[in-house]
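Here is what each chain is made of, one letter per residue.
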Amino acid sequence: MTDTAPGLPRLGTTLFSLTLEQRRPGGDFASLVREVAARDLGPGLEMVAFQSLRGWPRLSGDQEREVRGVLESSGLTPSCLAINNDLGLYPGRLLSDDESHEYVAVQLRGAAALGFPVARVGIETGPAILERLLPLAEELGVKVGVEIHAPLTLDAPPVAALKELFTRLDTPWLGFIPDMSASMRAVPDAVDDAHRAAGIAPELTALTKELWAEPGPTMAKFPELERRAAEAGATPPQIGNLKMLFTMHGRMAPERWADFFPHVVHVHGKFYGIVEGPDGLTDPSIDWPAVARVLREQGYDGFVSSEYEAHAYSDRYSAFDQVRAQHDMLKRLLEAEPAVAAR
């Protein structure tokens, strides 16, 4: 497998990028893994457990052996398993803290059984549950990372509370998983495809992009969007669709990812499209040169999982081709300067 130079972040792919490919005939787990390997889109491989593994989180011994066999025969390196803490698992109530802890604990054991060194959880898994999970994570040798996804930033109270916890515990087994959706410089063009398909007028999309680009907290812009979109003739369902543009694409400066270190255990290389620019392959929506500088300066040498998410908006492009393009771009950016010794 092609890899970056020693001491640099390593590249990989999450099967979530191949969501549309998975739905096509023959797009089962084993075939997707083999295709990722054949196209040299490793060495890291991440997947979403509930998306790829039927029966999760309670797999049989035969299922575990089958999954491990597919991974081992592919030559790919398991990098991260995305798991869920579904607080609304039961109708009419939320999980108690004890139930939440056990629900995640079962999945951590599953991640360890499949050979994944990192498990991803969402922000709903708060400091109290994480601290209770620490002994198990250490025992299993599985790091637990909380994904920081748009519209979250380090200034959001739940994220600040996690930073305080990780600093206090000072453990390698708990940390953050930065997702680049939180620090975008432009709304991806694929959104226009989705809005056209939904019957949303281009003028409404342009209005929403204009408000998105203005300074200020993303969530605080909702009332202005609702007012102006309604005045322009948007229906309530269309306004709800437009709001997703704010919640899925954050505006945090990419340099601020440095503040999440040294508590970063994995990185989601979220992107919505790589294009050919004057100086080579580039990402119009995310400032990857700035992100690459942060990762190098912080001495990060873990995996960056390419996470192509334009499939949520459009099927115009091949996810395989897009991940290939991002890998080529990231390898060039990461190797542009010498690596910094890991901290």
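Everything numeric here is computed off the predicted structure, so don't read it as measured data.

Analysis parameters
- Residues numbered from 1 in each chain as written.
- Predicted model: local features only at pLDDT ≥ 70, side-chain atom pairs only at ≥ 80, totals over all residues.
- Heavy atoms only, no water.
- Helix = DSSP H or I, 4+ residues; strand = E, 2+ residues; numbered from the N terminus.
- Rg over C-alpha atoms; globule rule 2.2 N^0.38 Å.
- Contact = heavy atoms within 4.5 Å.
- Areas by Shrake-Rupley, 256 points an atom, 1.4 Å probe, with all protein chains shown as cover.
- UniProt positions renumbered as here; feature names shortened; annotations may be inferred.
- Buried < 20%, exposed > 50% of the residue type's maximum accessible area, 1.4 Å probe, protein only.
- Pairing = 2+ DSSP bridges.
- Right-handed = clockwise from strand over helix to strand, strands pointing away.
- Core = buried A, V, L, I, M, F, W, Y, C linked by side-chain atoms within 4.5 Å.
- Axes fitted to C-alpha atoms, helices over the stretch in contact; angles between N-to-C directions.
- Parallel < 35°, antiparallel > 145°, perpendicular 65-115°, else oblique.
- Left-handed = near helix turned anticlockwise from the far one by under 90°.
- Salt bridge = Lys/Arg side-chain N within 4 Å of Asp/Glu carboxyl O.
- Phe/Tyr/Trp six-rings, centres within 6.5 Å; stacked < 30°, edge-to-face > 60°.

*Asks:* Help me out: how do you make sense of the overall build of the protein chain in this one?
*Replies:* Secondary structure summary: the protein chain contains 13 helices and 10 strands in total. Here the C-alpha radius of gyration of the protein chain, 20 Å, is about what a compact globule of 343 residues would show, namely 20 Å. Its C-alpha atoms put the protein chain at 55 × 50 × 45 Å along the principal axes. Across the protein chain, the fraction of contacts at a sequence separation of at least 24, relative to all contacts at a separation of at least 6, is 81%. Accessible surface, the protein chain: about 14,900 Å² in total, of which carbon and sulfur atoms supply 54%.

*Asks:* Looking at this model, I keep getting lost on the UniProt feature "domain: Xylose isomerase-like TIM barrel" (unreviewed entry) in the protein chain. Mind explaining?
*Replies:* The positions UniProt marks with the feature "domain: Xylose isomerase-like TIM barrel" (unreviewed entry) are residues 39–332. End C-alpha to end C-alpha, residues 39–332 measures 18 Å, and it is 44% helix and 15% strand.

*Asks:* Before we go on, may I ask you to explain the pairing of strand S5 (residues 143–148) in this structure?
*Replies:* The element S5 is extensively covered by neighbouring structure, given that 5 of its 6 residues are classed as buried. Where strand S4 (residues 118–121) and S5 come together, 4 bridges link them in parallel fashion. Residue pairing for S5: Ala 119 is matched across the bridge by Val 144. Of the crossover connections in this fold, the one passing from S4 over helix H6 (residues 127–140) to the parallel S5 is right-handed. With 5 bridges connecting them, S5 and strand S6 (residues 174–178) associate as parallel partners.

*Asks:* What's the story with the nonpolar core in this structure? I'm lost.
*Replies:* As a rule of thumb, nonpolar side chains are buried together in soluble globular proteins. Counting 99 residues, the largest nonpolar core has Leu 15, Leu 108, Phe 260 and Trp 288 as the members making the most contacts within it. No other element matches helix H13 (residues 319–334), which puts 8 residues into this core. When neighbours within four sequence positions are excluded, Leu 15 is seen to be in contact with Phe 29, Leu 32, Val 33, Val 36, Leu 45, Glu 46, Met 47, Gln 51 and Ser 52.

*Asks:* Would you mind showing me how to read the packing of helix H12 (residues 288–297) against H13 here?
*Replies:* Where H12 contacts H13, the two axes come as close as 9 Å, and the packing angle between them is 55 degrees. Our classification of the angle between H12 and H13 gives oblique. Viewed along their axes, H12 and H13 form a crossing whose handedness is right-handed. Listed contacts from H13 to Trp 288, Pro 289, Ala 292 and Arg 296 of H12 are Gln 326, Met 329, Leu 330, Leu 333 and Leu 334.

*Asks:* It is not clear to me how unusual backbone geometry should be interpreted in this structure. Could you clarify?
*Replies:* Backbone phi values are negative for most residues with the exception of glycine, while trans is the configuration of most peptide bonds. Note that the residue after Ala 150, namely Pro 151, is joined by a cis bond; omega there is 5 degrees. With respect to the helices and strands, the residue Pro 151 is situated in the loop between S5 and helix H7 (157–169). Cis rather than trans, the peptide bond between Phe 261 and Pro 262 has omega equal to 10 degrees. Secondary-structure assignment places Pro 262 in the loop between helix H11 (236–248) and strand S7 (267–271). In this structure, Asp 170 takes a positive phi of about 50 degrees despite not being glycine. When you line up the elements, Asp 170 lands in the loop between H7 and S6.

*Asks:* I'm lost on the side chain of Ser 305 in this one. Help?
*Replies:* Assignment of secondary structure puts Ser 305 in strand S10 (residues 303–308). Excluding residues within four positions of it along the chain, Ser 305 makes contact with Gly 12, Thr 13, Thr 14, Glu 46, Ser 79, His 266, Val 267, His 268 and Gly 269.

*Asks:* Just checking my understanding: could you explain the pattern of salt bridges for this structure?
*Replies:* A pair can form between side chains of opposite charge whenever their charged atoms are brought close. Enumeration according to the criterion identifies 27 salt bridges in this entry. Note that Arg 168 is salt-bridged to Glu 131, the shortest N-O span being 2.9 Å. Pair noted here: Arg 168 is in helix H7 and Glu 131 is in helix H6, with a separation of 37 residues, a long-range link. Exposure remark for Arg 168: the relative accessible area of 53% places this residue in the exposed category. When the shortest N-O distance is used, the salt bridge between Glu 309 and Lys 270 registers 2.7 Å. Of this pair, Glu 309 sits in the loop between S10 and H13 while Lys 270 sits in strand S7, and the two are 39 residues apart along the sequence. Residues Glu 309 and Lys 270 agree in their burial class; the two are buried. The network of salt bridges with shared partners includes Glu 210, Glu 224, Arg 227, Arg 228 and Glu 231.

*Asks:* Would you take a moment to explain the packing of aromatic side chains for this structure?
*Replies:* Each pair of aromatic rings is reported with the distance of its centres and the angle of its planes. In this structure the tally under the stated criterion is 7 aromatic pairs. Centre to centre, the rings of Phe 222 and Phe 246 are 5.8 Å apart; their planes meet at 5 degrees, and the pair counts as stacked. Pair noted here: Phe 222 is in helix H10 (residues 222–231) and Phe 246 is in helix H11, with a separation of 24 residues, a long-range link. Just as Phe 222 is buried, Phe 246 falls in that class too. Look at Tyr 272 and Tyr 313: their rings are 6.1 Å apart centre to centre, the planes differ by 35 degrees, and that puts the pair in the tilted class. Linking Tyr 272 in the loop between S7 and strand S8 (275–277) with Tyr 313 in the loop between S10 and H13, this pair joins segments that are 41 residues apart in sequence. Residue class for Tyr 272 comes out buried when judged on its relative accessible area of 6%.

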